[in-house]
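Analysis of the macromolecular model
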Amino acid sequence: MLNVGIVGLGFMGRTHLKAWQELGTEARVAAVCESNPDAIAGIGVAAGNLEKDPSSATLEGVEVYNDFGEMIEQADLDAVSITLPTHMHPQFTVSALEKGLHVLCEKPMALTLESCDRMIEAASKAGRTLMVAHCIRFWPEYVWLKHAIDTRAYGEVRVADFYRLGTAPGWGDASWFSDPGKSGGVTMDLHIHDVDFVRYVFGAPRDVNVEGACFENGCPGHVRTSFNYGDGRLVSATGSWMMAESCGFRMGYRVICDSATIEFDSQEEEPLRVYNAGEDVVQPELPEGDGYTGEVRHFAELISGSNQEPVITCEDARESVSLSLSIQERT
Ligand SMILES: NC(=O)c1ccc[n+]([C@@H]2O[C@H](COP(=O)([O-])OP(=O)(O)OC[C@H]3O[C@@H](n4cnc5c(N)ncnc54)[C@H](O)[C@@H]3O)[C@@H](O)[C@H]2O)c1
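Fair warning: this is a prediction, and the values are worked out from it, not measured in the lab.

Across the sheet, 8 strands lie side by side as 8-9-10-7-11-12-13-14; this open sheet has mixed pairing. The outermost strands of the open sheet, each flanked by one partner alone, are strand 8 (207-214) and strand 14 (281-282).

Turning our eyes to something else, we now look at helix 5 (residues 113-126). The end-to-end C-alpha separation of helix 5 is 20 Å, in line with the 20 Å expected for 14 residues at 1.5 Å each. Buried within helix 5 are the following residues: Cys116, Met119, Ala122 and Ala123. The buried residues of helix 5 occupy an angular sector of 125° when the element is viewed end-on, so they sit on one face. Those residues of helix 5 that are exposed and aimed more than 90 degrees away from the buried face are Glu114, Glu121, Ser124 and Lys125. Backbone geometry just after helix 5 places Gly127 at a positive phi near 65°.

In terms of burial, helix 4 (residues 89-98) is a largely internal element, 7 of the 10 residues being buried. For helix 4, the set of buried residues is His89, Pro90, Phe92, Thr93, Val94, Ala96 and Leu97. Looking at the buried side of helix 4, the elements it contacts are strand 1 (2-7), helix 3 (68-74), strand 4 (79-82), strand 5 (102-106), helix 5 and strand 6 (130-133). Just downstream of helix 4 lies Gly100, where phi reads positive at about 90°.

In this section: the packing of helix 1 (residues 11-22) against helix 9 (residues 291-303). Axis separation between helix 1 and helix 9 bottoms out at 9 Å; the angle between their running directions is 60°. If you check the angle between helix 1 and helix 9, you find them oblique. At the point where helix 1 passes helix 9, the crossing takes the right-handed sense. Between helix 1 and helix 9, the residues in contact are Thr15, His16, Ala19, Trp20 and Glu22 and Tyr292, Thr293 and Val296, respectively.

Let us now look at the environment of Gly166. By the secondary structure assignment, Gly166 is in the loop between strand 7 (157-165) and helix 7 (180-183). A tally of 22 C-beta atoms within 10 Å means that Gly166 is categorised as buried.

Reading the values: the criteria
Numbering of residues starts from 1 in every chain and runs along the sequence as written. Residue-level local features of this predicted model are given only where pLDDT is at least 70; pairs of side-chain atoms are given and counted only at 80 or more, and the full residue set underlies all totals for whole chains, interfaces and linings. Two strands pair under a simple rule: DSSP has to find at least two bridges between them. Here a strand is any run of E in DSSP of at least two residues, a helix any run of H or I of at least four, and the numbering for each starts at the N terminus. Each helix should span, by expectation, one fewer than its residue count multiplied by 1.5 Å. Partly exposed residues are those falling between the two cut-offs: more than 12 but fewer than 20 other C-beta atoms within 10 Å of their own, whereas 20 or more means buried and 12 or fewer means exposed, with C-beta atoms placed from the backbone. Summarising the geometry, the arc corresponds to the directions from the helix axis toward the C-beta atoms. Residues are treated as contacting if the C-beta atoms built from their backbones sit within 7 Å of each other. To obtain each axis, a line is fitted to C-alpha atoms, and for helices this fit is confined to the stretch in contact; angles are then taken between N-to-C directions over 0 to 180 degrees. In what follows, roughly perpendicular refers to angles from 65 to 115 degrees, roughly parallel to angles under 35, roughly antiparallel to angles over 145, and oblique to any angle outside these ranges. Crossing handedness is read from the near helix: turned anticlockwise from the far helix by less than a right angle, it gives a left-handed crossing, and turned clockwise, a right-handed one.

Shown next as structure tokens:
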């Protein structure tokens, strides 16, 4: 059984806690580290953007620390989930790897390429797995879409538009999200999910065109990227923190293939629909679970020595940071 620690028990920390606990007998969360006592008590922990309620996770039987150095020194751990504010990912990831622990680090990997390189080097030196938690690569509707595209189940893709729309994150301590030096802003924090998925499915684009809109205070809040593949295909993604609060959060895509149009919208009652030629509309069956349980299971399998290709390497995660940084520069 794997012994796991979690550092940063905010929205994503609780989400990882729940996902690890759902793995059952393969792993147990042995320790958590959180510097804010209110967060330990679960005070002020709101549901994040997908209204996945992580509050059913329990700290029963889990050692609680407020200092990360103490946790990795004293607790008997194989791996840690790093669910801290983004600017803290590099330092904590490197410390954990140097201690000989495997690391599952939340996205985005880091806010600079130099930091990504430091993290990759530390993993390689330590001979440990570093996986960046790009949950969309594990999200059932996106896993299904990648398979449909790879197998050309509906012919070639002609148009693919992805979106991720909500208000600026208001859960937990909102101040770090609104500081671009800590979160990277809407492009690095939100849009990167679709940037990474577009790269995963279609590969690196030749070039990107970027348009953006700002909040009243001049901070970028909405970004629209067109990915140019030089072959006539239209691929785009839109990320927004500027929606009215009453809209809630939605993510989705519309993909037009030769023989079907596929639509996914997380807010719809029937979220995934395949419109075939004629009047035939199909709702594909998807496996249970979400991207969080999927990514945690995959990471657990990798570090337990299962012989499978990683769904995401740390070099991949670095490339998504790199492309997102170049989009951010043009926003
Ligand atoms: N994959 C996704 O869908 C998704 C969704 C939201 C956030 N994220 C990412 O997850 C990360 C965390 O985001 P969040 O929404 O959980 O933020 P959050 O503010 O809710 O949680 C961060 C927690 O870290 C704690 N913390 C800060 N410094 C600490 C320290 N030195 N030691 C211990 N704990 C400390 C804070 O008190 C807070 O409870 C970010 O990188 C964010 O981009 C990913």
